[in-house]
Amino acid sequence: MDPLLAFGFWAYVLTVAGVYAIFVLGLQVQVGDTGLLNFGHVAFMAIGAYSLGLMVTNGIPTIVAIPIAVVLAAIAGVLLGLPTLRLRGDYFAIVTIAAGEILRILVQNRQDETGGTLGLRRASGAWRDWNDSMLDWLDGLGLRDLDRRVPLLVITWVTAVLVALLLMHIGRSPWRRTLRAVRENEDAAAAVGKPVFRLKLQALALGAAIAGLAGVYFTFLQTSLYPENFEPIVTFIGFAILILGGIGSYFGTVLGSIVIAFIISGVRFLDFPIAEDKVAALRFVVIGLIIMGMMAFRPQGLFGKKEELHLD
Amino acid sequence: MKAVDGATFTVRRGSITSLIGPNGAGKTTAFNLVTGFTRADSGTVVFEGRNVTRRGPDQLARAGMVRTFQLTRVLGKMRVIENAMLAASEHPGERFVNALVPRRWKHREAEVRERAMEMLDQVGLAAKAEDYAATLSGGQRKLLELARALMAEPTLVMLDEPMAGVNPTLGRQLLDYLARLREERGLTVLFIEHDMEVVMGVSDEVVVMGEGRVITQAPPDEVRRDQRVIDAYLGAAGEAEA
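Residues numbered from 1 in each chain as written. Chains lettered and ligands numbered in written order. Predicted model: local features only at pLDDT ≥ 70, side-chain atom pairs only at ≥ 80, totals over all residues. Heavy atoms only, no water.

Enquirer: Please explain the overall build of chain B as it appears in this structure.
Expert: Each helix and strand in chain B was counted, giving nine helices and eight strands. Its C-alpha radius of gyration of 19 Å places chain B within 12% of the 18 Å reference for a compact globule of 242 residues. Judged by the C-alpha coordinates and their principal axes, chain B covers about 60 × 40 × 35 Å. Split into buried and exposed, the 242 residues of chain B put 50% on the buried side. (Helix = DSSP H or I, 4+ residues; strand = E, 2+ residues; numbered from the N terminus. Rg over C-alpha atoms; globule rule 2.2 N^0.38 Å. Buried < 20%, exposed > 50% of the residue type's maximum accessible area, 1.4 Å probe, protein only.)

Here is the structure:
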């Protein structure tokens, strides 16, 4: 069947979008709310994914491994933040991108434990069984012959929406007001007694935990993990989503993820009269054009606040 | 290069003390050193009987030492009222663990909002409460900084040229308000100011700096007659003309 018409293919694309949505919601807390230019966000997703993968392949039950993987990502956020968060914006950005690459190369070289470039197989643990039980259950409800990818699609998006709602709920708290104050002016926040460093650390850890959760769903989706899944481009796709959806808007993040995921996954199936590897490169051209177009014509993103843009 | 060297001065509890000196004397640097925004290479800061030399600015602010900035630092993309509310001390809702549980901080938040409104009213910004702070004029930003500093309920408030750009009538009212806070709550005020009329009119003590040093610290009448002070100002003016 033509892949463009296959339901399974679009279910896959939408699941990727859901993983990105969760991933970028974490980025939104750091970049949008707190002003931390974290260019190494993919590292936290890698920690979530590989922690889960390494635990389940070493006999730890999947249900136990998931929360531990998320907590480990948060701890990684704290560990990265402690020495680096005193750096000003751009220096912090440089350190985070380096930290992400160091982690990826480390995973690649520790072949005995991680599988290195050969991949970490069966990293999704009990997910396949869960998936089957859910399909059976849905079958019992009269939803017969569903695509195998439907349960993960649904669960990923339920999670993404829950995370977004949770962040919106937190968003009304005075805590987030202090984060925004840190974003606007650290000195002003410190001058009235706000613990700037601790707030940045909290934002980084929360964002990292959310990225770790994205890593869990990524693992369920891919079953095998490879270091090249966690190259810096993933973070930059995250930033593209952030810019498209609008910095500061959780809803925009969710919508931006869908658009970008369709472009990334969809473009390769379109029939261009050029070589296959060039089609792969084409999607980054398209993403680049989208970012440039947004910056030029709608810099606040789809759902950002326009009135905030011209203030300073 | 030393911007401030050998600058020792005391601010008496409950006093209004001004810090004056020609441009480049090191007044703002002295503020930065005292409030922890700049690390001092040597020297000590004693606040309420405790040595607080190496403390960070946020720690000092929570201990009651709150400052404003000469070049205002308003939180531009936040509402005026949010700027003021931010400064409230001991707000349980600002703790990460409480962020998800509104009933733990709803009450305090309402209190804080009310107090912030009062404070904005006091500095004449009540009508601007819901505007973005970035839309304020230079003088209004000074006022917002003052409101924000007072909102933190400091025991010592340090104001860096609070009157610059503020209309003189309102400036006068604010000085009266500060004086009233001193009477009622024992607030201590240290401020940097260039307007000698204001300085001489409200200060209990005047600290004079020149070229990174404290030249003298005395009541206004004495300072006015002090030859070293006159020389410092004339000296600076003379160099400027040369």
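Enquirer: I tried to follow the pattern of salt bridges on my own but got confused; where do I start?
Expert: Pairs may arise between side chains of opposite charge once their charged atoms sit close together. One pass over the structure, following the stated rule, counts 21 salt bridges over all chains. One salt bridge connects E153 of chain B with R115 of chain B, and the closest N-O pair in it is separated by 4.0 Å. Of the two residues, E153 of chain B is situated in the loop between α5 (138-151) and β5 (156-160) and R115 of chain B in helix α4 (residues 106-122); the sequence distance between them amounts to 38 residues. A relative accessible area of 41% means that E153 of chain B is categorised as partly exposed. Residues joined by salt bridges that share partners form a network here, namely E101, R104 and E231 of chain A. (Salt bridge = Lys/Arg side-chain N within 4 Å of Asp/Glu carboxyl O.)

Enquirer: Would you mind showing me how to read unusual backbone geometry here?
Expert: Phi at T223 of chain A takes a positive value of approximately 65°, unusual for a residue other than glycine. As for its position among the elements, T223 of chain A is in the loop between α10 (196-222) and α11 (232-245). Judged by relative accessible area, T223 of chain A falls into the partly exposed class, the value being 29%. If you check the backbone angles, E153 of chain B has positive phi at about 50° while not being a glycine.

Enquirer: Would you explain the interface of chain B and chain A in this entry?
Expert: Much of the literature gives interface size as the accessible area that the parts lose upon coming together. Counting from both sides, the interface comprises 34 residues of chain B and, opposite them, 30 residues of chain A. Summing both sides of the interface, chain B and chain A together bury roughly 2,900 Å²; the carbon and sulfur share of this comes to 65%. Three residues stand out in chain B for area buried against chain A, namely K77, L86 and F96 of chain B, and they jointly supply 24% of the buried area on that side. Scanning the region where chain B abuts chain A turns up four salt bridges. For R177 of chain A, the salt bridge is made with E109 of chain B, and the minimal N-O distance between the two is 2.9 Å. Linking chain B with chain A are 11 residue pairs in polar contact (both at pLDDT 80 or more). (Contact = heavy atoms within 4.5 Å. Buried area = accessible area lost by both parts, 1.4 Å probe. Polar contact = N/O pair within 3.5 Å; in protein donor to acceptor, adjacent residues only side chain to side chain.)

Enquirer: In this structure, what is going on with the confidence of the model for chain B? I would like to understand it.
Expert: Interpreting fine coordinate detail is not advised for predicted regions of low pLDDT. Considering every residue of chain B, the mean pLDDT works out to 88; 95% of them sit at 70 or more. Interface confidence in the predicted complex, given as ipTM, is 0.88; pTM for the same model is 0.89. (pLDDT = per-residue confidence, 0-100.)

Enquirer: I would appreciate a short explanation of the packing of helix α7 (residues 150-171) of chain A against α10 of chain A in the present structure.
Expert: When two helices pack together, their arrangement is given by the angle between the helix axes and the distance between those axes. Residues and elements named next belong to chain A. Two numbers describe how α7 lies on α10: the axes approach to 10 Å, and their chain directions differ by 175°. When the interaxial angle is binned, α7 and α10 end up roughly antiparallel. Taken together, the residues of α10 that come into contact with α7 (itself represented by L152, I155, T156, T159, V163 and L167) are L206, I210, L213, Y217, F220 and L221. In the contact of α7 with α10, the residues fall into 10 nonpolar, two polar and no charged. (Axes fitted to C-alpha atoms, helices over the stretch in contact; angles between N-to-C directions. Parallel < 35°, antiparallel > 145°, perpendicular 65-115°, else oblique. Nonpolar A, V, L, I, M, F, W, Y, C, P; charged D, E, K, R; others polar.)

Enquirer: Looking at this structure, how should I read helix α6 (residues 127-140) of chain A?
Expert: Note that an α-helix has 3.6 residues per turn; residues three or four places apart therefore point the same way. Under the 1.5 Å per step criterion, the end-to-end length of α6 of chain A is 20 Å for 14 residues, consistent within 8% with the ideal 20 Å. Looking one or two residues past α6 of chain A, G142 of chain A carries a phi angle of roughly 100°, positive in sign. (Expected span 1.5 Å × (residues − 1).)

Enquirer: Sorry, what's going on with the sheet that holds strand β4 (residues 65-67) of chain B here?
Expert: Strand pairs in the sheet, formed through backbone hydrogen bonds, run parallel or antiparallel to each other. Residues and elements named next belong to chain B. With mixed pairing, six strands are arranged side by side in an open sheet as β4-β5-β6-β1-β7-β8. Bordering the open sheet on either side are β4 and β8 (213-218), each of which pairs with just one other strand. Neighbouring strand axes in the sheet, compared pairwise and without regard to direction, differ in orientation by 15° on average. Contacts from α5 reach β4 and β5 within the one sheet, and its direction differs from that of β5 by about 165°. (Pairing = 2+ DSSP bridges.)

Enquirer: Looking at this structure, how should I read a nonpolar patch on the surface?
Expert: Residues and elements named next belong to chain A. A surface patch of nonpolar side chains, about 820 Å² in accessible area, is lined by V154, V158, V161, L162, L165, M168, F251, L255, L302 and F303. The set of elements that each furnish at least two residues to the nonpolar patch consists of α7 and α12 (250-267). Broken down by element, the nonpolar patch gets its largest block of residues, six residues, from α7. (Patch = residues over 30% accessible without salt bridge, like charges linked within 9 Å, V, L, I, M, F, W, Y side chains within 5 Å. Areas by Shrake-Rupley, 256 points an atom, 1.4 Å probe, with all protein chains shown as cover.)

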